[in-house]
Amino acid sequence: MRPAMAEATSSLTYQKYVQFALEETRKHTHLAPSALQERFRSLSAMDGRTQLQVQSFESPKIRLLRSLSIEGSDGMQVLDFAIFPRAEFDLPIFCANFFTTSAINIVVLDLNPLHDVISQHDYKKKYYTHLIPLGLKYGELLPWGGRITAESMKFFSPIVIWTKFPASEQKHHLLYSAFVDYLKSWLELMDRASGETDASRIMVNLEAQHKYLTWRAEKDPGHQVLRKLVGETHAKEIIKSFLFSGVDELGSRKFIDYFPEYKCDDGTVNQKRSMIGKSFQSRPWDTQGEFIGDSLS
Ligand code: BLA
């Protein structure tokens, strides 16, 4: 039996989120295990104690639903859960990234837009306008987490939940219900989505998803933690072949091709997270979901 203290610190677990997500998604579609599942099933941390768990599936409209959850021996809990649509669909990318230690929770929950929601009004109307009230509700309960880079903002939607909070059971209840509501909303969008047949529009979707994967595979703030847990080589493999699977297959453009401002004189990628250097300290959308922040370039 585990000692009482261990039970107490493990009372928060993101497994519950993953279980809900899989059960709920199965009400809408058939989930077939992805080939990645077998390959990444037995991940283990170098400390011999931290647990890493992965899940990965696909369906007729979903190219990849994948989840990585981590339970550290020191109370660290991580969830990186995403759903990537197939290229025939311009659906948003479902994104839940939660990083928890005994001191702090860092949370991003969003339906990340595949296309620009500031300039492309039709895209915003198609997927977000009806969800603005939901975003406002949770935006108040889980307030803006403070300075965020313009680069990240470009990948966020008007309903993004970006928040930070110290350990709090009440906030975790809220976070769980936000996760439930956002996932249900995404699944309804998926139900309604019909596949694109125009080859050029499929290409545009494909490229947008590839750009997203390229960004996150290079710049995601979680990489450092993963490196510490499983070592440089395994971390790279998890990032490229599991979390952001498709980055080497869906397109041939490289990070510098999409984000040339990061190119150093010697051709390597600048290690800074932000080149634009702007930060958004408060929610840059108004209650109608209109962008009211500084320009993102
Ligand atoms: C911090 N994670 C952050 C921050 C954001 C995100 C915005 C705040 C720091 C910043 O502004 O860069 C998440 N950023 C995102 C997401 C997108 C984005 C989802 O641009 C999507 C486009 N986080 C994880 C995982 C781990 C993790 C799997 O998702 C660990 C394995 C850790 N995130 C983590 C840590 C920090 C963080 C440790 C704080 C440290 C830091 O900022 O470097």
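Residues numbered from 1 in each chain as written. Predicted model: local features only at pLDDT ≥ 70, side-chain atom pairs only at ≥ 80, totals over all residues. Heavy atoms only, no water.

Peer 1: So, the site of the ligand: which residues are in play, and what are the values?
Peer 2: Around the ligand, 18 residues are found, and the nearest of them are N97, I148, S152, G222 and R273. S152 is positioned with one of its side-chain polar atoms (N or O) 2.7 Å from an oxygen atom of the ligand. In this structure, R273 approaches the ligand through a side-chain N or O atom, which is 2.7 Å from an oxygen atom. Comparing atom positions with the cavity grids shows the ligand to sit within the largest pocket. Of all the secondary structure elements, the ones that give two or more residues to the shell around the ligand are β4 (77-85), β5 (93-100), β6 (105-112) and α8 (199-219). In terms of residue count, the dominant contributor to the shell around the ligand is β5 (three residues). Here the shell around the ligand is composed, by residue class, of 12 nonpolar, three polar and three charged. (Near = heavy atom within 4 Å. Polar contact = N/O pair within 3.5 Å; in protein donor to acceptor, adjacent residues only side chain to side chain. 1 Å grid on protein atoms, 1.4 Å probe; cavity = no way out; pocket = protein on both sides within 12 Å on 5 of 7 lines; lining within 4 Å. Sits in = over half its atoms within 2 Å of the grid points. Helix = DSSP H or I, 4+ residues; strand = E, 2+ residues; numbered from the N terminus. Nonpolar A, V, L, I, M, F, W, Y, C, P; charged D, E, K, R; others polar.)

Peer 1: Any details on the pattern of salt bridges? Residues and values, ideally.
Peer 2: Under the defined criterion, the tally for this structure stands at 14 salt bridges. R66 is paired through a salt bridge with D80; the nearest N and O atoms lie 2.7 Å apart. With R66 in strand β3 (residues 62-71) and D80 in strand β4, the pair connects residues that are 14 residues apart, well separated along the chain. Assessed through its relative accessible area of 0%, R66 is described here as buried. Using a relative accessible area of 5% as the deciding quantity, one classes D80 as buried. With a closest N to O distance of 3.0 Å, E207 and R253 form a salt bridge. Residue E207 is located in helix α8, and its partner R253 is located in the loop between α10 (232-243) and α11 (255-258); the two are separated by 46 residues in the primary sequence. Connected through shared salt-bridge partners, R227, E232 and K236 make up one network. (Salt bridge = Lys/Arg side-chain N within 4 Å of Asp/Glu carboxyl O. Buried < 20%, exposed > 50% of the residue type's maximum accessible area, 1.4 Å probe, protein only.)

Peer 1: Could you give an account of the side chain of T214, naming the residues involved and the relevant values?
Peer 2: Among the structural elements, T214 can be located in helix α8. Beyond its immediate stretch of four places on either side in the chain, T214 contacts V247, K254, F255 and Y258. (Contact = heavy atoms within 4.5 Å.)

Peer 1: Tell me what's going on with the packing of aromatic side chains, and back it up with residues and numbers.
Peer 2: For any pair of aromatic rings, the description rests on two quantities: the centre-to-centre distance and the angle between the ring planes. The tally for this structure, following the rule as stated, stands at 25 aromatic pairs. Here the aromatic rings of Y17 and Y176 are separated by 5.0 Å at their centres, their planes lie at 80 degrees, and the arrangement is edge-to-face. Of the two residues, Y17 sits in helix α2 (residues 15-26) while Y176 sits in helix α7 (residues 169-192), which places them 159 residues apart along the sequence. Accessibility classification places Y17 together with Y176 in one group, the buried group. With a centroid separation of 5.3 Å and an interplanar angle of 50 degrees, the aromatic rings of F40 and F242 are classed as tilted. (Phe/Tyr/Trp six-rings, centres within 6.5 Å; stacked < 30°, edge-to-face > 60°.)

Peer 1: Account for helix α5 (residues 132-141), with residues named and values stated.
Peer 2: Quick reminder: α-helices carry 3.6 residues per turn. Residues three or four places apart thus point the same way. Every buried residue of α5 is accounted for by I132, L134, G135, Y138 and G139. For α5, the buried positions fall inside an angular range of 155 degrees around the axis, keeping them on one side. Structural note: α5 exposes P133 and E140 on the side pointing more than 90 degrees away from its buried face. Buried residues in α5 make contact with β8 (161-165) and α7. (Arc of directions from axis to C-beta.)

Peer 1: I'd like a rundown of the environment of P284, residues and numbers included.
Peer 2: By the secondary structure assignment, P284 is in the segment after β9 (279-280). Under the relative-accessibility criterion, P284 is labelled buried at 3%. A sequence separation of 89 residues divides P284 from G195, and the C-alpha atoms of the two residues are 32 Å apart. In contact with P284, not counting residues within four places along its chain, are W144, M153, E290, F291, I292 and G293.

Peer 1: Let's hear about the confidence of the model for the protein: which residues, and what values?
Peer 2: On average, residues of the protein score 93 in pLDDT, and 96% of them are at 70 or above. A low-confidence stretch, residues 1-10 (pLDDT under 50), is modelled with four contacts involving residues beyond four sequence positions or located in other chains. Scoring of the predicted complex yields 0.95 for pTM and 0.96 for ipTM. (pLDDT = per-residue confidence, 0-100.)

Peer 1: Account for α8, naming residues and giving values.
Peer 2: Across its 21 residues, α8 extends 30 Å between first and last C-alpha, which sits within 8% of the 30 Å expected from 1.5 Å per residue. Turning to α8, its buried residues are I202, N205, A208, Q209, H210, Y212, L213, T214, W215, R216, A217 and K219. (Expected span 1.5 Å × (residues − 1).)

Peer 1: Explain the layout of surface pockets to me, and be specific about the residues and the numbers.
Peer 2: Approximately 800 Å³ is the volume attributed to the largest pocket. What lines the largest pocket is a set of 33 residues, among which N97, V108, D220, P221 and G222 lie closest to the centre. Those elements that place two or more of their residues in the lining of the largest pocket are β3, β4, β5, β6, β7 (148-149), β8, α8 and α9 (223-230). Tallied by class, the residues present in the lining of the largest pocket amount to 20 nonpolar, six polar and seven charged. Roughly 630 Å³ of internal volume is contained in the second largest pocket. Surrounding the second largest pocket, 25 residues form its lining, A217, E218, K219, H223 and R227 being those nearest its centre. When contributions to the lining of the second largest pocket are tallied by element, the ones reaching two or more residues are α8, α9 and α10. Considering every element that reaches the lining of the second largest pocket, the biggest residue donor is α8, with five residues. (Points joined across faces, edges and corners; volume = space filled by probe spheres on them.)

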